[in-house]
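Take a look at the letters that make up each chain.
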Amino acid sequence: TDRYAVIGHPISHSKSPLIHGLFAQATGQDITYTAIEAPLDGFRATVEAFRASGGRGMNVTLPFKLQAFEIATDPMESARLAGAVNALKFDGERIHAQNFDGLGLVNDIQRNLGVSLAGKRVLICGAGGATRGAIVPIAAQRPALIAIANRSADKAHGLKTDFAGHAALQTGGYEDLAGESFDVVLNATSTGLSQAELPLPAGVFAPGALAYELVYGKGLTPFLRQAQAAGVTQIADGVGMLVEQAAEAFEWWRGVRPVTRPVIDQLTVPLV
Ligand code: ATR
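Residues numbered from 1 in each chain as written. Predicted model: local features only at pLDDT ≥ 70, side-chain atom pairs only at ≥ 80, totals over all residues.

Where an unreviewed UniProt entry is consulted, the chain appears under the name Shikimate dehydrogenase (NADP(+)), with the organism given as Hydrogenophaga taeniospiralis CCUG 15921. Its UniProt record gives the chain a comment under Function (unreviewed entry), which states: "Involved in the biosynthesis of the chorismate, which leads to the biosynthesis of aromatic amino acids. Catalyzes the reversible NADPH linked reduction of 3-dehydroshikimate (DHSA) to yield shikimate (SA)." (UniProt positions renumbered as here; feature names shortened; annotations may be inferred.)

1. Topic: the UniProt feature "domain: Quinate/shikimate 5-dehydrogenase/glutamyl-tRNA reductase" (unreviewed entry) in the chain
As recorded in UniProt, the sites labelled "domain: Quinate/shikimate 5-dehydrogenase/glutamyl-tRNA reductase" (unreviewed entry) are residues 112-191. When the span residues 112-191 is considered, its composition is 28% helix and 25% strand, and the gap between its end C-alpha atoms is 24 Å. (Helix = DSSP H or I, 4+ residues; strand = E, 2+ residues; numbered from the N terminus.)

2. Here's the deal with the site of the ligand
In the vicinity of the ligand, 15 residues are found, and the nearest of them are Gly128, Gly129, Arg151, Thr189 and Ala196. Residue composition of the shell around the ligand, by class: five nonpolar, eight polar and two charged. (Near = placed C-beta within 6 Å. Nonpolar A, V, L, I, M, F, W, Y, C, P; charged D, E, K, R; others polar.)

3. A word on the sheet that holds strand S4 (residues 74-75)
If you trace the six strands from one edge of the open sheet to the other, you get S2-S1-S3-S5-S6-S4, paired in mixed fashion. Pairing within the sheet leaves two strands with one partner each, and these edge strands are strand S2 (31-37) and S4. As paired elements, strand S3 (residues 55-60) and strand S5 (residues 87-91) share three bridges and run antiparallel to each other. From the neighbouring strand, asparagine 59 faces S5, where its bridge partner is alanine 87. Here helix H1 (residues 16-27) sits on the sheet in contact with strand S1 (2-8), S2 and S3, set at roughly 175 degrees to S2. (Pairing = 2+ DSSP bridges. Contact = placed C-beta atoms within 7 Å. Axes fitted to C-alpha atoms, helices over the stretch in contact; angles between N-to-C directions.)

4. Thoughts on the sheet that holds strand S12 (residues 234-236)
Taken in spatial order, the six strands make up an open sheet running S9-S8-S7-S10-S11-S12, and their pairing is parallel. Since the sheet does not close on itself, it has two edges, and those belong to strand S9 (169-172) and S12, each with one partner. Across the sheet, the mean angle from the axis of one strand to that of its neighbour is 20 degrees, orientation sign disregarded. The pairing of strand S8 (residues 145-149) with S9 spans four bridges and is classified as parallel. Pairing of isoleucine 146 across the sheet is with leucine 169, part of S9. The sheet contacts of helix H8 (residues 222-229) involve strand S10 (182-187), strand S11 (205-213) and S12, and relative to S11 the element is tilted by about 165 degrees.

5. Quick word on the nonpolar core
Leu123 and Leu186 are the most contacted members of the largest nonpolar core, which totals 78 residues. Sorting elements by how many residues they give to this core places helix H9 (residues 239-254) first, with nine residues. Split by domain, this core shows at least three residues from each of two domains, domain 1 (2-99 + 240-267) and domain 2 (102-237). Not counting the four nearest positions on each side in its chain, leucine 186 is found in contact with Leu123, Ile124, Cys125, Ala134, Tyr212 and Leu214. (Core = buried A, V, L, I, M, F, W, Y, C linked by C-beta atoms within 7 Å. Buried ≥ 20, exposed ≤ 12 C-beta atoms within 10 Å, placed from the backbone. Domains from an automatic or database assignment.)

6. Let's talk about the packing of helix H5 (residues 101-112) against helix H6 (residues 129-139)
Contact pair H5 / H6: the axes reach a minimum separation of 7 Å and the direction vectors enclose 60 degrees. Classified by the angle between their axes, H5 and H6 sit oblique to one another. For the pair H5 and H6, the crossing hand works out as right-handed. On the side of H5, the interface is formed by Asp101, Gly102, Leu103, Leu105 and Val106, while H6 contributes Ala130, Gly133, Ala134, Val136, Pro137 and Ile138. Residues of the contact of H5 with H6, tallied by class, amount to eight nonpolar, two polar and one charged. (Parallel < 35°, antiparallel > 145°, perpendicular 65-115°, else oblique. Left-handed = near helix turned anticlockwise from the far one by under 90°.)

7. Structural notes on H1
Along its 12 residues, H1 runs 16 Å from first to last C-alpha, staying within 8% of the 16 Å computed at 1.5 Å per residue. Its buried side turned inward, H1 meets S1, S2, S3, H9 and helix H10 (261-267). Glycine 28 occupies a position one or two residues after H1 and carries a positive phi of about 70 degrees. (Expected span 1.5 Å × (residues − 1).)

Spelled out as C-alpha cells, the structure:
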C-alpha cells in the first residue's frame, strides 16, 4: 500500500482524502490518503517525516504552498511560474513539485462546463496566488484576451512583468474595466470567503458569459450574486476545479486517470 497525504494548517476541512479515496476505489489503486496538519513552523520537518515513513506524494494547501516550492528539488514549470506548489512526488532524494490548480480550472471550464476558452475574452479578478496559477494554463488555450483586475492595480501590473514571454496580459484596477465586457469572468480574489463585493462596472459580463468563483462549497458568493444580478445564467463555483486538480495529481502519481464526474456530483453543494 502506497501512502499519500494532504498537508496544511488547518486541514480538517480538506476534501482531498475523500476525493482521492473515491479515485482509488474507482481505479482499483492500492493506496492510502490521509490529512496531516503540520505546525506552522514545522512544514519541512513534517514532510520529511512523512517521506521517511514511506510516503510517496503529498498535496499541499494553505499556508504552505510557497514553502513547498522552496523544498522542491525539481519544480515543474507550472510550479515555477506560479511560485507555488500544490503537489509533491517523492523519488529517492528528489522532490518533484507541480501546481495543478490552473490546469484543474481550465479542465473544469472546458470539459465539465463545456465552455471553450479559445478566442474568448477572459477576465481574472485578483492578482494573488490563485491568479498566478491560472494564467499560463488559460493562455495555453489561446483566448483573445486575458485581462487581470485587482484592487491594488500595481499588483496586477506586476504580473504583466512576471509573466512576460508566457502570456500577454492587460492589467489594471476595476475602474479600468469600464466599457469592456468579457465572455468568461473568474473570481480569484479571496472575497468568496467573505461578504465583500467587487467594484465591477456594469456591463463587464458579456451576453452568455460564464461567471466562475474559484472558491467552492460557499453557495452563492457575493461575486456570483453580482453576476446573477447582471443577468448571467451560467455560474459555477470551484468544486470542479478542486476535483480536476486532484485528478491531475492522481494521474501524476499513479499513471491512471480517474473519472471525475461522479466525484464532482458527490461534492457539489447547490448554488443557492
Ligand atoms: P490567493 O493566494 O487566494 O490568491 P492572496 O494572494 O492573499 O490569496 O490574494 C488575495 C486576492 O484577493 C488579492 O488579489 C486581493 O487584492 P489586493 O491584492 O488588492 O489585496 C484580493 N482581495 C481580498 N479582499 C478583497 C476585497 N475586499 N476586495 C477586492 N479584492 C480583494
